[in-house]
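Residue-level listing of the chains:
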Amino acid sequence: VMDHLASFGSDPFDKPPCRGCSSRLLEPYIKCAECGPPPLLLCLQCFTRGFEYKKHQSDHKYEIMTSDFPVLEPGWTAQEEMALLEAVMDCGFGNWSDVAYQMRTRSKEECESHYMKNFINNPLFSSTLLSLRQMEEARTADTGHFFIFI
Ligand SMILES: [Zn+2]
Ligand SMILES: [Zn+2]
């Protein structure tokens, strides 16, 4: 086990393991935007399960860490990536004027070329963001019930 760990020790970009399951983090992973330092990092599985630890709550704001992902373009934030996927799901694939209208921050041409370039050929990344989005929706739905019952 020590030999295994040592092989990562020389990596200047080495990062702590997942706080939830202690596994080595593979991108994309989640960084809590409200906890730390030190940063609270979670793998997608633990994040999806709603892992909580001491002060960290599952409804904290988070960042999707994807520095090695070739799909991200400079200037496009994870929030914009998610907003784009959401807009495409809401408005329908190919309906770029409505997508751009919903995005607000991007032109029709930017939305179309970004989506075609980054998502059509990257099913892994796309499905990761979609599952994050579904989780957001589930959480929103839960919150809705919460308020209704109050
Ligand atoms: Zn984990
Ligand atoms: Zn947190």
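A quick note: this is a predicted structure, and the numbers were derived from the prediction, not measured.

## Looking at the overall build of the protein chain
Moving on, step 1. When helices and strands are counted, the protein chain shows six helices and three strands.
Moving on, step 2. Overall, the protein chain shows an N-to-C arrangement of helices and strands of α-β-β-α-β-α-α-α-α.
Moving on, step 3. Out of the 150 residues in the protein chain, the part that is buried amounts to 20%.
Moving on, step 4. Partitioning the intrachain contacts of the protein chain with sequence separation of at least 6 by distance along the chain shows that 50% fall at a separation of at least 24.

## Quick word on the environment of Leu84
Moving on, step 1. Here Leu84 lies in helix α3 (residues 78-91).
Moving on, step 2. Classification of Leu84 as buried rests on a count of 24 C-beta atoms within 10 Å.
Moving on, step 3. As a C-alpha pair, Leu84 and Ala100 span 16 residues in sequence and 8.4 Å in three-dimensional space.
Moving on, step 4. Dropping the residues within four chain positions of it, Leu84 is found in contact with Met103, Cys111, His114 and Tyr115.

## Topic: helix α4 (residues 96-103)
Moving on, step 1. Along α4, the positions that sit buried rather than exposed are Trp96, Val99, Ala100 and Met103. Viewed end-on, α4 has its buried residues packed into an arc of 95°, placing them on one side of the element.
Moving on, step 2. Immediately beyond the C-terminal end of α4, within one or two residues, lies Arg104, with a positive phi of roughly 70°.

## Regarding the sheet that holds strand β2 (residues 41-42)
Moving on, step 1. Judged by pairing direction, the sheet is antiparallel, and its three strands sit side by side in the order β2-β1-β3 without closing on themselves. Strands with a single pairing partner mark the edges of an open sheet, and in this sheet they are β2 and β3 (62-65).
Moving on, step 2. Of the strand pairs in this sheet, strand β1 (residues 29-32) and β3 are connected by four bridges, and their pairing is antiparallel. Along β3, the bridge assignment pairs Cys32 with Tyr62.

## What about the pairing of β1?
Moving on, step 1. One ladder, built from two bridges, connects β1 with β2; its direction is antiparallel. Considered in β2, the bridge of Lys31 is made with Leu41.

## Things to note about the confidence of the model for the protein chain
Moving on, step 1. Here the protein chain averages 74 in pLDDT, while 63% of its residues score no lower than 70.
Moving on, step 2. The model gives residues 1-12 a pLDDT under 50, and that stretch makes two contacts with residues more than four places away or in other chains.

## Section: the environment of Ala100
Moving on, step 1. Examined against the element boundaries, Ala100 turns out to sit in helix α4.
Moving on, step 2. For Ala100, a count of 20 C-beta atoms within 10 Å corresponds to the buried category.
Moving on, step 3. Separated by twelve residues in sequence, Ala100 and Val88 have C-alpha atoms that sit 9.3 Å apart.
Moving on, step 4. In this view, Ala100 contacts Arg106, Ser107, Lys108 and Cys111; residues no more than four positions away in its chain are not counted.

## Remarks on unusual backbone geometry
Moving on, step 1. A cis amide bond, omega 0°, links Gly36 with the succeeding residue Pro37.
Moving on, step 2. Assignment of secondary structure puts Pro37 in the loop between β1 and β2.
Moving on, step 3. Backbone torsion omega between Pro37 and Pro38 reads 0°, so that peptide bond is classified as cis.
Moving on, step 4. Position of Pro38 among the secondary structure elements: in the loop between β1 and β2.
Moving on, step 5. In the Ramachandran plot, Ser22 falls in the positive-phi region, its phi being about 65° despite a non-glycine side chain.
Moving on, step 6. Tracing the chain through its elements places Ser22 in the loop between α1 (2-9) and β1.
Moving on, step 7. The phi torsion at Lys54 lies on the positive side, around 50°, for a residue other than glycine.

Criteria and cut-off values
- Every residue gets a number counted from 1 within its own chain, in the order that chain's sequence is written.
- Labels are handed out in written order, letters beginning with A for the chains and numbers beginning with 1 for the ligands.
- Two thresholds apply to this predicted model, a pLDDT of at least 70 for residue-level local features and 80 or more for giving and counting side-chain atom pairs, whereas whole-chain, interface and lining totals are computed over all residues.
- Secondary structure follows DSSP: runs of H or I at least 4 residues long count as helices, runs of E at least 2 residues long count as strands, and numbering of each begins at the N terminus.
- Remark: C-beta atoms are placed from the backbone, and a residue is labelled buried if 20 or more other C-beta atoms sit within 10 Å of its own, exposed if 12 or fewer do, or partly exposed between those counts.
- Once C-beta atoms are placed from the backbone, any two residues with those atoms within 7 Å are in contact.
- To obtain the arc, one takes the directions from the helix axis to the C-beta atoms.
- Strands are treated as partners if at least two bridges between them are detected by DSSP.
- What pLDDT reports is the predictor's confidence in each residue, on a scale of 0 through 100.

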